[in-house]
Every structure is written in C-alpha cells, then in structure tokens.
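Breakdown of the fold
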Amino acid sequence: MTEKPRTRETRPTTASSRPAGTTIRATGGGAQVRPATEGWTQQKDAEGRPLLQFASPKRGKPPVHLADLTPTERVDKVKELGLPGFRAKQLSTHYFRHYTSDAAEMTDLPAGIRDELVAGMLPPLMSEVRRLETDRGDTIKFLWRLHDGALVESVLMRYPGRITLCVSSQAGCGMNCPFCATGQAGLTRNMSTAEIVEQIVRANRLIADGGLGGKKADDHSMERVSNIVFMGMGEPLANYKRVMDAVRTMVAPQPDGLGMSARGITVSTVGLVPAINKLADENIPVTFALSLHAPDDHLRDELIPVNSRWKVDEALDAAYGYYAKTGRRVSIEYALIKDMNDHAWRADLLAEKLNQRGRGWVHVNPIPLNPTPGSIWTSSEKDVQDEFVRRLNDAGIPTTLRDTRGKEIDGACGQLVATTEDEAAAAALA
C-alpha cells in the first residue's frame, strides 16, 4: 500500500482578531473555523474572558449518608442513634452488596428500630425523573433529581465483557467549554460523595433486577457495574475531595464499599494541573484521561477556557507525570470537530508533543463530536477522521477512534444537560 504524502499546514502562532465563528484558510489547504457559540451566550467575566467556576455555589447540603462516612464513622453514627455499632456493618451489607435502601428488605434488623435506623443512615439522595433507552436496551440514560432540585444525569452501557456507568460529579459544570452542552448551563453545585456513589448503587440494583438489556439470562443477581468513567456532568477534579472519597468507597472491599477494581475507574479532566499532580500521589491506580481537544494553545485557549490557566504543555507534563508515578498509561481524549481541530498538521503536532515525553505512556482516543442543541458544529468527515488517526498511529502513538454510545438519547460525551423539559418533569415529581 502506498503511503499518503504527509503535508503540513502552517501553524498559527498568535491569536486571531477575527470574530469567533469565522472561517479562514490555513496554508496548505483545509479550512480553519474558530470556536463560537450558537443558540446560547457564553458566560464571561468582568474582563470579557470565558467565566471559570472552580468554587461550588452555596446551596443547602444533602443529608449525611452512610456512603459519606468511613467504616469507623459509620459505627460512631449508629452509636449516636443509640444502637449497637455492629448494625453499621449490616446496613453497609444491604447498601453495598444488595444495593438497597429499602428498610422493608432488611429483615435481619429488628422491626422496632428498622425504619429509624435506615432513615438516619440511608436518607433519600436522589429520585429518578426519567429513564431513556437505546441500543436495544443496552444503553440507559437516567435523569436524577437531587434533594435541592438540582438535576444530573448518568448513562449505563453494556458492552461485551463489561458494564460501564458514566457518572456525574457536579450538577452542571463550571469549565464553560463552548462545544459541551453541560458547560452551557454553568455550575449549579458539587455533588456529595454519597450522591456520586448512589448513581452506581442504583445502577447495580437495576442490573440485578434484569433492567439492562443485552444478556439473555434469567438471573442477573451476580452482574454489576464493572467500569466507571467520570465523564458525566461536571469537572471531576474541581470536586476533588468528594470524587476521591467516592473512588475510595468504590474500591473498598464489600461490604465496606463496592469492591470494584481501581483499574476499571477512569477519572477525566480538562486540565486542572495542580489536581492532576495531586491525583498522581493518591496511590490509587485509576485510569487517568486528559480531555485535550487541541494540541496548540492558539486554538485550545478558545476551545477549552481553562487553558488560560494551564497551557497545553503544562497539562501534558502533568499527564506524563501521572504515568511516571503510577505506571498507568494515560488516555488523551480528543473530540474531532469538523474544520475546527481535525487538521492533519494538528495530528502531527499532537504526536510530536506526546513523543517528546517518551514512548508507551499514552493512548489517544479521538471521538467524533456529538451534536448538542443549538450548535452548528459537527463531527469530522470520515476520511478526515481516518487521516487523523493514521498520522498518530504512524508516529507510534496507539490511537483508537471511539464512537460513544447514547447519541439518540443525548447521552453521549458532551451531551449531558438538564433541559427545560427535564426541569418541568422534575418539578412535576417534587
């Protein structure tokens, strides 16, 4: 097979003064479209830059839940309720092994204390507003209403040999990326540790009850979520402590936690460098994913507003540092957007930057852009996608084009957002 000639377009080195959304012609062929927002107005700070929200807005805290506490704290809490400490282990078994908060199912607890104990230790955290299915029932998107009316979504997916849950870590998101539906609404608040864990427990219960399609079996009781991706609503590393507490609960052996493998948990970020460095020191071998989406600061400054704080090379240095400390290969997520970031020279530049830091430490996942309401942006043409992938692979960078699930129900990467229709449905259930 004859190798395609490698042409290289001139890379821009200074920010353009042209209005956002204009198309210019890059040297060497291929259009260059600058980021813009269609159908919504991007929030800006007093200096006219895209607003970044790192701090969670002040709202009423959710009730303290068993999953917010360490095993020792659970015993102490049970004793505060005037009951023997061993009841904490019984509650943990029901919640983390049988996936229930229903007092009626806890027949090993004395009937006289059952309701009071469950109310004190397993208070309601979220109610299901809506459930949408696609892929013959293999993919389910949940809309949850939290205690204060905040709305979040999670997506459950069956693949051959594994079941993956895409979880949310914040209601909304403060990173303000113009191509992501979640970021359009801004940050409502951080989710608690227990609210993050509850998404998994509720999904596991649905699976055990036979509610996830795909597997032809009568008994689903031994099936459960095997993989977690923190790629739902929110920037996980902006809610660092609660996310890490949730991860510790996920990997703690049952019944103290969910007994999951850390290697099946992926924590993603748009590039909060100090938090990446902190994650590398946690000694928990989760998979780390950096949502890069552009290898050059010229474009990434506009595409990923947090790039104004930590530039491409800083984010890649931190990602390589994660690999160096943990030995865990890093994933680079790259949404391919037509004429925006899919140019052949950007594939070459990405490969160059990754190879500068060594070999064998990284895997690239290009993802055709998933459409969002109100945006005219679209995914790259197939031949452009193939060329982008080919250049990376030829440069020695393992690269796999990833097609995400749930597009038909707005459940794919970048599509999770609470709509006006969702809010109305939630209000009707309140």
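Residues numbered from 1 in each chain as written. Predicted model: local features only at pLDDT ≥ 70, side-chain atom pairs only at ≥ 80, totals over all residues. Heavy atoms only, no water.

It is worth spelling out the confidence of the model for the chain at this point. Predicted confidence across the chain gives a mean pLDDT of 87, with 85% of residues reaching 70 or more. Taken as a whole, residues 12-29 scores under 50 in pLDDT and shows 34 contacts with residues more than four places along the chain or in a different chain. Below a pLDDT of 50 lies the segment residues 409-417, which in the model reaches 43 contacts outside its immediate sequence neighbourhood of four places, other chains included. (pLDDT = per-residue confidence, 0-100. Contact = heavy atoms within 4.5 Å.)

In this structure, Leu-156, Val-225, Ile-228, Phe-230 and Met-250 are the most contacted members of the largest nonpolar core, which totals 108 residues. For this core, the element with the most residues is helix 5 (residues 193-208), which contributes eight residues. If we ignore the near neighbours within four places in the chain, the residues touching Val-225 are Leu-156, Ile-163, Leu-165, Ile-200, Ala-203, Asn-204, Ile-207 and Met-260. Ranked by size, the runner-up nonpolar core spans six residues in total, among them Val-155, Cys-166, Val-229 and Met-231. (Core = buried A, V, L, I, M, F, W, Y, C linked by side-chain atoms within 4.5 Å. Buried < 20%, exposed > 50% of the residue type's maximum accessible area, 1.4 Å probe, protein only. Helix = DSSP H or I, 4+ residues; strand = E, 2+ residues; numbered from the N terminus.)

This part takes up helix 7 (residues 273-280). What helix 7 keeps buried is the set Val-273, Ala-275, Ile-276, Leu-279 and Ala-280. Within helix 7, the buried residues cover an arc of 160 degrees as seen down the axis, which keeps them to one side. Residues of helix 7 that are buried in the fold lie against helix 6 (240-251), strand 10 (265-269), strand 11 (287-291) and helix 9 (312-326). (Arc of directions from axis to C-beta.)

Applying the stated criterion across every chain, the model contains zero disulfides. Of all cysteine sulfurs, the one in Cys-180 lies closest to Cys-177, which takes part in no disulfide; the gap is 6.4 Å. The cysteine Cys-180 is free of any disulfide, with Cys-173 supplying the nearest cysteine sulfur at 6.4 Å. (Disulfide = S-S within 2.5 Å.)

Strand order in the open sheet formed by nine strands is 3-4-5-6-9-10-11-12-13, with mixed pairing between adjacent strands. Looking at which strands have only one partner, the edges of the open sheet turn out to be strand 3 (126-134) and strand 13 (362-368). If you compare each strand with its neighbour and ignore which way they point, the axes differ by 20 degrees on average. Summarising the sheet, strand 12 (residues 330-336) and strand 13 pair through seven bridges and their orientation is parallel. Looking across to strand 13, one finds that Glu-333 is bridged to Asn-365. Across the sheet, helix 5 lies against strand 3, strand 4 (139-146), strand 5 (151-159), strand 6 (162-166) and strand 9 (227-230), angled at about 55 degrees from strand 3, the strand it touches most. (Pairing = 2+ DSSP bridges. Axes fitted to C-alpha atoms, helices over the stretch in contact; angles between N-to-C directions.)

This paragraph deals with the packing of aromatic side chains. Counted under the stated rule, the structure contains eight aromatic pairs. Judged by centre distance (5.1 Å) and plane angle (15 degrees), the rings of Phe-142 and Trp-144 are stacked. Accessibility classification places Phe-142 together with Trp-144 in one group, the buried group. For the ring pair Phe-179 and Trp-377, a centre distance of 6.4 Å and an interplane angle of 25 degrees mean the geometry is stacked. Of this pair, Phe-179 sits in the loop between strand 7 (170-172) and helix 4 (181-184) while Trp-377 sits in the loop between strand 13 and helix 11 (382-394); the two residues are 198 residues apart in sequence, bridging distant segments of the chain. Comparing Phe-179 with Trp-377, the two get one shared label, buried. (Phe/Tyr/Trp six-rings, centres within 6.5 Å; stacked < 30°, edge-to-face > 60°.)

Attention now moves to helix 3 (residues 111-121). By the burial criterion, the buried members of helix 3 are Ile-113, Arg-114, Leu-117, Val-118 and Met-121. For helix 3, the angular spread of the buried residues around the axis is 130 degrees, confining them to a single face. Away from the buried face of helix 3 by more than 90 degrees, exposed residues Gly-112, Asp-115 and Ala-119 are located. Those residues of helix 3 hidden inside the fold are in contact with helix 1 (71-80) and helix 2 (87-96).

Taken as a whole, the second largest pocket encloses approximately 520 Å³ of empty space. Top element by residues in the lining of the second largest pocket is helix 6. It accounts for three residues. For the lining of the second largest pocket, the residue count by class is six nonpolar, five polar and nine charged. (1 Å grid on protein atoms, 1.4 Å probe; cavity = no way out; pocket = protein on both sides within 12 Å on 5 of 7 lines; lining within 4 Å. Points joined across faces, edges and corners; volume = space filled by probe spheres on them. Nonpolar A, V, L, I, M, F, W, Y, C, P; charged D, E, K, R; others polar.)

Our focus in this paragraph is unusual backbone geometry. Note the cis peptide between Gln-254 and Pro-255, where omega equals 5 degrees. By the secondary structure assignment, Pro-255 is in the loop between helix 6 and strand 10. One non-glycine residue, Asp-135, adopts positive backbone phi at about 55 degrees. Residue position: Asp-135 is located in the loop between strand 3 and strand 4.

In this structure, Asp-348 sits in helix 10 (residues 344-356). For Asp-348, a relative accessible area of 11% corresponds to the buried category. Among the polar contacts listed, one links the side chain of Asp-348 to the side chain of Arg-391, at a separation of 2.6 Å. (Polar contact = N/O pair within 3.5 Å; in protein donor to acceptor, adjacent residues only side chain to side chain.)

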